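Structural overview for review
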Amino acid sequence: MALGLLATGVLWSVLAPGGNAASTADSNEAVRQGRALYLQGCSTCHGLGAQGSNTGPSLIGVGSAAVDFQVSTGRMPLAAPAAQADRKAPIYSDTQIAQLAAYIDSLGGGPAKPEVNDKQISDADLAKGGELYRANCAQCHQAVAQGAPLTYGKYAPALTESTATQIIEAMRTGPESMPVFGDRQIDEKDAVAVAAYVKHLNKAKSPGGFSLGKYGPVPEGLLAMLVGIGGLLAVCLWIGARQKV
Ligand code: HEC
Ligand code: HEC
């Protein structure tokens with residue numbers, strides 16, 4: 001027993017504190033790197049201590065989910081003030097985004113970047129996700145996530161390019177005029193189901209041929225009127241013109 005205790009003690013002192021020290025050092029390093037990136041690329045608008053300025057809001061307490069969402073969708077760094085920040089190609093690498101997120105996270109907690117893997121997405125309950133999507137998101141993002149205009153030059157973007165992580169981050173952080181959907185409203189499993197449903201919509205085929213932007217009955221009706229009825233009229237005229245009087 002004495003040997004056993006000794007061995008456990010030795011193993012513990014060799015493994016456990018070493019591991020912790022290493023990971024704290026790693027995260028301190030990430031925070032330090034993130035702070036340097038922040039000062040260079042973000043502090044002009046968000047302030048030297050992320051306290052905010054008149055060109056950008058405070059980032060204290062927004063959490064790593066907000067930083068990952070804004071920077072991985074290319075919305076930040078904002079080039080110039082506009083009605084809404086557009087999705088662009090991101091200018092920071094994944095490692096740099098993680099460092100920026102670690103720095104902002106170190107200033108005060110907020111929603112953390114969600115971890116979601118392909119298996120969770122493929123195992124998710126699509127029917128439940130669809131139900132939640134139609135109840136909570138379709139009024140702004142359109143029934144099949146093609147996006148739609150809002151008031152004052154703002155718009156709910158199409159969700160065709162969003163990754164599952166970004167979809168959950170958008171729900172948790174509510175960018176600009178989008179409301180926040182916290183885990184009491186949509187829990188973790190349901191949030192994954194919503195993300196899986198949006199990804200499913202993006203992959204869905206169009207059995208009828210051309211999807212016409214998946215905008216639904218309006219463009220389809222317009223096409224039917226112009227091409228269908230227009231075509232029939234043309235045939236009528238052609239028959240009329242051939243008739244010998
Ligand atoms: C030109 C000014 C400007 C620069 C540069 C800029 N931002 Fe922003 N940022 C804004 C404005 C304005 C908003 C609020 C409107 C919006 O969300 O689009 C914002 C919003 C944000 C938000 C969302 C805050 C919330 O409450 O959810 C995050 C996170 C953020 N910025 C991070 C960054 C990071 C990280 C950088 C540097 C890589 C950066 N920003 C660079 C102006 C800027
Ligand atoms: C009141 C309207 C509104 C509702 C409801 C809404 N959104 Fe949004 N959503 C927006 C707006 C506006 C933006 C753009 C924000 C920005 O550009 O900073 C957005 C952005 C997004 C993005 C980022 C798209 C990209 O560029 O990658 C995702 C993902 C998203 N929403 C998902 C959802 C989901 C999922 C729901 C339902 C749980 C939802 N939204 C409900 C208005 C809405």
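Preceding this section is the structure that the text describes.
Okay, so let's go over this structure. Just so you know, these numbers come straight off a predicted model, no measurement behind them.

**Section: helix α8 (residues 164–173)**
The buried fraction of α8 is high, at ten of ten residues. Within α8, the full set of buried residues consists of Ala164, Thr165, Gln166, Ile167, Ile168, Glu169, Ala170, Met171, Arg172 and Thr173. The inward-facing, buried residues of α8 abut α3 (63–72), α5 (118–123) and α9 (188–203).

**Some words on the site of ligand 1**
With respect to spatial proximity, 18 residues lie near ligand 1, and among them Cys42, Cys45, His46, Met76 and Glu176 are the closest. Within the side chain of His46, a nitrogen or oxygen atom sits 2.8 Å from a nitrogen atom of ligand 1. In this structure, an oxygen atom belonging to ligand 1 sits 3.2 Å away from a side-chain N or O atom of Glu176. Taken together, the elements giving at least two residues each to the shell around ligand 1 come down to α2 (43–46) and α3. Among the elements that line the shell around ligand 1, the one with the most residues is α3, at four residues. Residue composition of the shell around ligand 1, by class: 13 nonpolar, four polar and one charged.

**Some words on the packing of aromatic side chains**
All chains considered together, the criterion is met by two aromatic pairs. Here Tyr38 and Tyr103 contribute two aromatic rings whose centre-to-centre distance is 5.3 Å and whose plane-to-plane angle is 50 degrees, an arrangement assigned as tilted. Here Tyr103 lies in helix α4 (residues 94–106) and Tyr38 lies in helix α1 (residues 2–41), a separation of 65 residues in the sequence. Judged by centre distance (5.8 Å) and plane angle (45 degrees), the rings of Tyr133 and Tyr197 are tilted. Here Tyr133, found in helix α6 (residues 126–136), pairs with Tyr197, found in helix α9; they are 64 residues apart in sequence, far enough to count as distant. A single burial state applies to Tyr133 and to Tyr197, both of which are buried.

Each value, and the rule that gives it
- Residues numbered from 1 in each chain as written.
- Chains lettered and ligands numbered in written order.
- Predicted model: local features only at pLDDT ≥ 70, side-chain atom pairs only at ≥ 80, totals over all residues.
- Heavy atoms only, no water.
- Buried < 20%, exposed > 50% of the residue type's maximum accessible area, 1.4 Å probe, protein only.
- Helix = DSSP H or I, 4+ residues; strand = E, 2+ residues; numbered from the N terminus.
- Contact = heavy atoms within 4.5 Å.
- Near = heavy atom within 4 Å.
- Polar contact = N/O pair within 3.5 Å; in protein donor to acceptor, adjacent residues only side chain to side chain.
- Nonpolar A, V, L, I, M, F, W, Y, C, P; charged D, E, K, R; others polar.
- Phe/Tyr/Trp six-rings, centres within 6.5 Å; stacked < 30°, edge-to-face > 60°.

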